[in-house]
Amino acid sequence: MGIFNGLPVPSDKTYLRDELARIDESWAAARFDSLPHVVHILTSKDREADIRILKEQSDVVEEVVDEVVHAYHGGFNKAIQNYSQILRLFSESTDKIGDLKNDLAEAKQSLGTRNKQLHQLWYRSVTLRHIIALLDQIEGIAKVPARIEKLIADKQFYAAIQVYLHSSMMLEREGLQTVGALQDVRSELTKLRGALFFKILDDLHAHLYNRGEYSSVASSINERDDEVPTTTAIAASRMSSQPLSRRTRTLKGDSQFGARGLTNGSHRTGSIDEGSSFDGHEEEDSVEHDEATADGRNGTDSKRLSYLLPPWLSDSTPDEFIEAVRKSDDPLHVKYLQTLVQCLCMLGKVAAAGAIICQKLRPTIHEIIISKIKVHMETTNLSKSACSQGDRNAAGLQLIKGQSEAYRLSKEKPQNGISNSGIHLAVSPVSPLMAPGGKAQTAAKELLDSILDTIVKIFENHVVIGELLELKASQHDINTPKSLPTDVNWNTDSEASQATGGYTIGFPLTVLQSECQQLICEILRATPEAASADAAAQTAKLAKKAPKKDKRGATEDGLTFTFRFTDVTVSVSNQGADLIRQGWGKRAPNASQEGYGTAAVLPEQGIYLAASIYRPVLQFTDKITSMLPKKHSQLVNDGLLTFTENFVKDHLLPTMFVDYRKGVQQAISSAAAFRPRAHTTTTYTPTVEKGRPILQGLLATDLLAKEVLGWAQAMPKFATDLVKYVQTFLERTFERCRTSYMEAVLEKQSYMLIGRHDIEKLMRLDAASACLPSPLGHAVSHSEAVGTELSELFLSLRPIKQDNLIRDDNKLILLASLSDSLEYVADSIERLGQAVPRASSQAEGNSRNQGTSSRNLASFADEYRKLATDCLKVLRVEMQLETVFHLQEMTTREYLEDEDAEEPDDFVISLTSQITRRDEGMAPFISGEKRSYVFGGICGIAANASIKALADMRSINLFGVQQICRNTIALEQAMAAIPYIDGETVQQNLDRVRTYFELLNMPFEALLAFIAEHDQMFTPTEYSNLLKVNVPGRDTPADAQSRLLEILSH
């Protein structure tokens, strides 16, 4: 039965559960009906058995009941006792309440008879309690100066201000104003207020320039603070590996700090000011709370809060500001700056602090830059010492890593004995130190990167302070001390710049950029007046941005822009001026007019260092822009980057154009500019480093072009202008090359022939042109018909006059050297065109101009390559015409020799010697493949000319045939001496000549039989010429020509 499942049955009687489970649940029904069970027993066949079963079930139930009773017996007894006790207590309470009612009635009756006397006693007690509270306050206030001094010594400025403000408020309350003993305390508190202000200002000034205990760049060098002088502490921070924490921009309401902590000030001070009274326990409680705080705040909540707070707030009274600091996610140094600003606001000294910070800003930055340069110089000296003890070569390579290819070439001496460094120094307007990637450029960039990185970190702190002051100024009067009555002496102009003593975010940005500009001017050896012609215009432009109400102060701020080198003049309040006169703002005289000492760090100074300065300034401006709030983003528009860009545009680029144009002009106009170099080697070297004989004028121009584009890579925004300069230089150099080329080929037949359309087309299709640069070397034809047609055209020019040929070998060598040099420059131009930097900041039009510049460079490469190809084509045609010129003598003589030929003809000797001489002269200047192109056409046209010469011969005998064969052997030997010449082709062509002339030794019938078998070896005209020439001793029938035609017609 399920209803008995929860019964407390012992573990040794688990069988009872089984027995209960067998009992029908009808026995446990709410309304039990016994009639069915009685009827069942009466009608059962075995009544005894049924009754026995019922008894057994009854026993089981009774046993279970016994167990239940045994289990719950104690609980039943205890419940009965509890009920008895409750009844007894109710009875007693009823009696006591009755007695209390009686007592209250008696008390009411007694008090009603003495009411007036009791009221007098109560009033006396209140008066005495108030007197005791005043005495306690006087005693506590008397101890305040010492306590404030201790908090100042522990740098617990916020807690000190809380105590000061609370005590000042107490002194102004009724009852304490007339206490003469507190006059000394008032005087001491006034002095402590000034001392506290200067201590806070000193600490704020130190943390503004990352020299404080909680500065973002000082945490990693705390161990070395005693060893590093104060003036060099900020510079030494460059050795720190801890990066600058980025300022969390949640000051406008994103965090509780911005929404509450910076707007309401001290919660505790505000509550005293707004809700204090003289008539009760609130004042007493506040004093007791303050005393508890002075004793260390032993409460659990205070300890927990102190554990979570920064150390400089550990002794402060918890308020909304402290709670906001505790919950804020800002970096530690930002929290500390926020605390110091809050302290100044609570003191009402913001205007004075802003005025003094403005006064100290320029000399402090000047000092930091100088110290940074000194530390950089010491680090450089240590590096040089380490390099001198190690591998000097490796150190040198490390120092000039990233230098341009032109300067790298100048460091190596070619095998021909002529160093490229000499060419570079002779034509470059800058020294190797000043060249792109040179030591001076690298040193200037590293120095400026280091200094600007420090300036960025300093400006980040100024942005934090500026935003805080602007936010506070927009909410309430930040120059009125909290919890004190308003005094006219503390009221200043409602303008934000007046409320902050002239300090705004734009002010430090202007001064910082001004100092950086002075540093850059010193590096460039430029004066501010010369550095920017539009300085006055930009200053006036900045001045116009100031509010009209503060016109005078704004004008002064404008004059301190980057082009002004004098101290800053700001509009300050009376208290700020008084504090400056007291001596806090003293500074070294003429600090800003002092130099920075960059000459001791940089190997060289000058205008060309602007290239290495541009990129650090660009990165500096990007960082500054990212820090500025959106409403101040326009402050960087006329800043350091604008000055640098104007300087580059107005001074560097014109100077660079004039200097490099002069260098290019000197390079291409010198006597040796287009004079092939004398070589000790006879083989061609493919690289300039190993002695490739590039003409000095072209090599110098290439080096200068690479150098100019090196400047373009350093200054991508001006790449378009610099590429235009390179185009101008390349154009002038190309014209000079064209002039040199024309001087060599003017009025020469080879030059005129390559200009003919038919010949130019055939030469492009010639298989030999495959070695020429694209597009002249593609789409060639491998058919021999092209070469044959060219030969026919050249042979048709006979007789060729010697005056129409280039007889001066030096001119031919010049053409060979000019061709190789032009191709070298063309390849270099193509690489430079692909590497032209594109300025991402330029507009779409400028980008389009840069794309045009890149295409123009490619077109210059095509022009250079086309002229180089023309030189090779002239050389090839010239050698072919020379061959025709020499072999045309075969047509004017009879080959009726009397003896066997031992030497070739004189004209063949002249030709072969000329081929050998010119090949040797050109060998150092062009590659073997190009030599094959120049001399490769000789063999084919020589064979064709020799065969066609038979038509003009009147007679030839056996010895004459041997003489011609001897000529071909001599020509074959001369051609075989030229590398890369296809010897098999040469042999086939000249074997064809020898075979052709040896046919003259055959009888007529044998000749006809040969022709019948080899009718395709020679043309019908060539076979016909074999029969026309007079060969002594050979019988030629009259019908020889008709029989030949008959054979060839089949």
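Thresholds, definitions, all that
Residues numbered from 1 in each chain as written. Predicted model: local features only at pLDDT ≥ 70, side-chain atom pairs only at ≥ 80, totals over all residues. Heavy atoms only, no water. Helix = DSSP H or I, 4+ residues; strand = E, 2+ residues; numbered from the N terminus. Contact = heavy atoms within 4.5 Å. Areas by Shrake-Rupley, 256 points an atom, 1.4 Å probe, with all protein chains shown as cover. pLDDT = per-residue confidence, 0-100. Salt bridge = Lys/Arg side-chain N within 4 Å of Asp/Glu carboxyl O. Buried < 20%, exposed > 50% of the residue type's maximum accessible area, 1.4 Å probe, protein only. Polar contact = N/O pair within 3.5 Å; in protein donor to acceptor, adjacent residues only side chain to side chain. Expected span 1.5 Å × (residues − 1). Bend = angle between axes of the 7 residues up to and from the residue. Phe/Tyr/Trp six-rings, centres within 6.5 Å; stacked < 30°, edge-to-face > 60°. Axes fitted to C-alpha atoms, helices over the stretch in contact; angles between N-to-C directions. Parallel < 35°, antiparallel > 145°, perpendicular 65-115°, else oblique. Nonpolar A, V, L, I, M, F, W, Y, C, P; charged D, E, K, R; others polar. Left-handed = near helix turned anticlockwise from the far one by under 90°. Disulfide = S-S within 2.5 Å. Patch = residues over 30% accessible without salt bridge, like charges linked within 9 Å, V, L, I, M, F, W, Y side chains within 5 Å. Lys, Arg positive; Asp, Glu negative; His and termini not counted. Charge placed at Lys NZ, Arg CZ, Asp CG, Glu CD.

Helix and strand counts for the chain stand at 41 helices and 0 strands. Taking the intrachain contacts of the chain between residues at least 6 apart in sequence as the baseline, contacts between residues at least 24 apart amount to 79%. Element-wise, carbon and sulfur atoms account for 52% of the exposed surface of the chain, whose accessible area totals about 51000 Å².

The next point concerns the confidence of the model for the chain. Residue-level pLDDT values for the chain average 75, and 73% of them are 70 or greater. Between residues 219-307, whose pLDDT stays under 50, and residues either more than four places distant or in other chains, the model counts 156 contacts.

So, about the pattern of salt bridges. Across all of its chains, the model carries 31 salt bridges by this definition. With a shortest N-O distance of 3.3 Å, Glu1005 and Arg1043 are connected by a salt bridge. One end of the pair, Glu1005, is in helix 39 (residues 1004-1013); the other, Arg1043, is in helix 41 (residues 1040-1049), with 38 residues separating them in the sequence. A relative accessible area of 49% places Glu1005 in the partly exposed class. Residue class for Arg1043 comes out partly exposed when judged on its relative accessible area of 27%. One network of salt bridges, in which partners are shared, links Arg807, Asp809, Glu882, Arg917 and Arg918.

In the segment running from Arg798 into Pro799, the intervening peptide bond is cis, with an omega of 0 degrees. You can see Pro799 is positioned in the loop between helix 32 (784-795) and helix 33 (809-834). Although it is not a glycine, Asn210 adopts a positive phi angle of roughly 60 degrees. Counting through the fold element by element, Asn210 comes out in the loop between helix 7 (183-208) and helix 8 (230-236). For Glu747, which is not a glycine, the phi torsion comes out positive at approximately 60 degrees. Mapped onto the secondary structure, Glu747 falls in the loop between helix 29 (719-745) and helix 30 (749-754).

Another point: the side chain of Gln605. Position of Gln605 relative to the elements: it lies in the loop between helix 25 (574-581) and helix 26 (610-627). Separated by 2.7 Å, the side chains of Gln605 and Thr598 make a polar contact. The residues contacting Gln605, other than those within four sequence positions of it, are Met434, Glu522, Ile523, Arg525, Thr598 and Ala599.

Among the secondary structure elements, His462 is positioned in helix 19 (residues 439-473). Beyond its immediate chain neighbours, meaning those up to four positions away, His462 contacts Leu208, Tyr209, Ile357, Leu361, Tyr503 and Pro508.

In this model helix 3 (residues 47-113) runs 95 Å from its N-terminal to its C-terminal C-alpha over 67 residues, within 8% of the 99 Å that 1.5 Å per residue would give. The largest bend in helix 3 amounts to roughly 50 degrees and is located at Tyr72. When we look at burial in helix 3, the residues that qualify are Ala49, Asp50, Val60, Val64 and Glu67. At its buried positions, helix 3 is contacted by helix 1 (15-22) and helix 2 (35-42).

By the definition in use, this model includes 16 aromatic pairs. Ring geometry for Tyr214 versus Trp312: centroids 4.8 Å apart, planes at 65 degrees, classification edge-to-face. Of this pair, Tyr214 sits in the loop between helix 7 and helix 8 while Trp312 sits in the loop between helix 12 (300-308) and helix 13 (320-327), placing them 98 residues apart in sequence. Each of the two residues, Tyr214 as well as Trp312, counts as buried. Taken together, a centroid distance of 4.7 Å and an interplanar angle of 40 degrees make the contact between Tyr214 and Tyr336 tilted.

What follows is about the environment of Asp809. By secondary structure assignment, the location of Asp809 is in helix 33. Residue Asp809 is classed as buried on the basis of its relative accessible area, which comes to 16%. In sequence terms Asp809 and Arg917 are 108 residues apart; their C-alpha atoms lie 8.4 Å from each other. Excluding residues within four positions of it along the chain, Asp809 makes contact with Arg917 and Arg918.

Right, let's get into the packing of helix 5 (residues 144-153) against helix 7. Relative orientation and spacing of two packed helices are given, respectively, by the angle between their axes and the distance between those axes. Across the interface, helix 5 lies against helix 7 with an axial gap of 10 Å and an inter-helix angle of 10 degrees. As far as their axial angle goes, helix 7 and helix 5 are roughly parallel. From helix 5, Val144, Pro145, Ile148, Glu149 and Ile152 reach across to helix 7, where they touch Val185, Glu188, Leu189, Leu192, Leu196 and Lys199. Tallied by class, the residues present in the contact of helix 5 with helix 7 amount to 8 nonpolar, no polar and 3 charged.

Moving on: the packing of helix 19 against helix 26. Look at helix 19 against helix 26: their axes get within 9 Å of each other, and the N-to-C directions meet at 15 degrees. With respect to helix 26, the element helix 19 is oriented roughly parallel. Helix-helix and strand crossings are classified by hand; for helix 19 and helix 26 the assignment is right-handed. For the pair helix 19 and helix 26, the contacting residues are Gln441, Ala444, Lys445, Leu448, Asp449, Leu452, Asp453, Ile455, Val456, Phe459, Glu460 and Val463 in the first and Ala611, Ser612, Ile613, Pro616, Val617, Gln619, Phe620, Lys623, Ile624 and Met627 in the second. When the residues that make up the contact of helix 19 with helix 26 are grouped by side-chain class, the tally is 14 nonpolar, 3 polar and 5 charged.

Inspection of the secondary structure assignment puts Leu189 in helix 7. Separated by 24 residues in sequence, Leu189 and Leu165 place their C-alpha atoms 9.7 Å apart.

Another aspect to go through is the state of the cysteines. Considering all chains together, one arrives at 0 disulfides under this definition. The cysteine Cys737 is free of any disulfide, with Cys871 supplying the nearest cysteine sulfur at 8.7 Å.

All right, on to a negative patch on the surface then. Together, Asp898, Glu899, Asp900, Glu902 and Glu903 make up a region of like negative charge exposed at the surface. Mapped onto the elements, Glu902 comes out in the loop between helix 34 (844-887) and helix 35 (906-922).

Another point: a nonpolar patch on the surface. A grouping of Val61, Val65 and Val69 is seen on the molecular surface, where their side chains present a nonpolar patch of about 220 Å² in accessible area. Structurally, Val61 can be placed in helix 3. Classification of Val61 by relative accessible area gives partly exposed; the value is 35%.

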